[in-house]
Structures are given as C-alpha cells and as structure tokens.
Amino acid sequence: MNEDLLNPESIVLHDERAKLFREDYAEKLDDYHSSAFKYGRKKIIEDLEEMLASLRPGSSILDVGCGTGYFMNYLRGRGFRVVGVDLSEQMIRHLREVYGEVEVHVADAKNLPFPNESFDAII
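Residues numbered from 1 in each chain as written. Predicted model: local features only at pLDDT ≥ 70, side-chain atom pairs only at ≥ 80, totals over all residues. Heavy atoms only, no water.

Visitor: So what's going on with the overall build of the chain? Residues and values would help.
Guide: Across its full length, the chain holds 4 helices and 4 strands. Going residue by residue from the N terminus, the α and β elements of the chain occur as α-α-β-α-β-α-β-β. Relative to its full complement of 123 residues, the chain shows a buried share of 37%. Contacts spanning at least 24 positions in sequence make up 49% of the contacts within the chain whose residues lie at least 6 apart. Accessible surface computed for the chain: about 7,600 Å², of which carbon and sulfur atoms make up 50%. (Helix = DSSP H or I, 4+ residues; strand = E, 2+ residues; numbered from the N terminus. Buried < 20%, exposed > 50% of the residue type's maximum accessible area, 1.4 Å probe, protein only. Contact = heavy atoms within 4.5 Å. Areas by Shrake-Rupley, 256 points an atom, 1.4 Å probe, with all protein chains shown as cover.)

Visitor: Before we move on, could you go through the environment of Arg96 and cite the residues and values that matter?
Guide: Its place among the elements puts Arg96 in helix H4 (residues 89-99). The spacing of Arg96 and Thr68 is 28 residues in sequence and 8.0 Å in space, taken between C-alpha atoms. If we skip the residues at most four places from it in the chain, Arg96 touches Glu101, Val102 and Val104.

Visitor: So what's going on with the sheet that holds strand S3 (residues 104-106)? Which residues, and what values?
Guide: Taken in spatial order, the 4 strands line up as S3-S2-S1-S4 in an open sheet, and their pairing is parallel. The open sheet has two edge strands with one neighbour each: S3 and strand S4 (121-122). Of the pairings in the sheet, the one linking strand S1 (residues 60-64) to S4 comprises 2 bridges and is parallel in character. Its bridge partner being in S4, Leu62 is matched across the sheet by Ile122. Of the strands in this sheet, S1 and strand S2 (81-86) are in contact with helix H3 (residues 70-77), which crosses S2 at around 170°. (Pairing = 2+ DSSP bridges. Axes fitted to C-alpha atoms, helices over the stretch in contact; angles between N-to-C directions.)

Visitor: I'd like a rundown of the side chain of His94, residues and numbers included.
Guide: Topologically, His94 is positioned in helix H4. Classification of His94 as buried rests on a relative accessible area of 6%. A distance of 3.4 Å separates a polar atom in the side chain of His94 from a polar atom in the side chain of Arg93. (Polar contact = N/O pair within 3.5 Å; in protein donor to acceptor, adjacent residues only side chain to side chain.)

Visitor: Please set out the pairing of S1 residue by residue, giving values where relevant.
Guide: The buried count for S1 comes to 4 of 5 residues, which makes it a mostly enclosed element. The pairing of S1 with S2 spans 5 bridges and is parallel. Across the sheet, residue Ile61 finds its bridge partner in S2, namely Val82.

Right, here's the structure in full:
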C-alpha cells in the first residue's frame, strides 16, 4: 500500500470511501446548493474554466489527486490530454471502471514519476 507520510490514515479512508466519492461525483449539479460537496465542485469547475482559457486545445494537464476521475474526464471532454496521479489504488480502480483505460499512476504528489516541465498545467 502507498503511504502519505503526513497523514497515513488519509489513504486508508480514501480507499474505503472510493465508491462513495464515485457516487457523489455522478450526481448532476442542477441543484448545486443542496450540498457543500456539489457547491464546491461547481466552484472548482468555475476556476478550471478560467485556467483553461489560457491553454491551447490539446494541452497536457496533470491531475494530482485525481481520485475517481471526475475532473480528468471533464478536461478530456474539453479536448485536453490529461494524466492522473493518486495514492489511493481503490480510487484509481473506480476511475477505470467508469472511464476505461486512461493514463493514471499510483504516485505521491511529492514524488511524481515525470520529468520537470512535462505538462502545460497541473491541477
């Protein structure tokens, strides 16, 4: 199992709750005031849209802490090349169940398996 040295319990919790995260992200944002999670997701999308405006179509983006892949899929749908990393193997398993084979790695954000300047943007 991978380990977060600052908070080792966090990976265990994310592994245990991966299915719940997947279900939460599957909900539509029509009534985004109904929960803090939905509202937060809407705000992240607004911030993403602002960032994406400065990128060319097809730019490469690294999603650190990609979880169950919601934002990876969102970015792919917008025409970007997206690579994900997460320490939770269960999150990645759920990601692949929903979105198929995408480039995703089990990795720590403090020790990424890519050379510097491999991506046009990082989220």
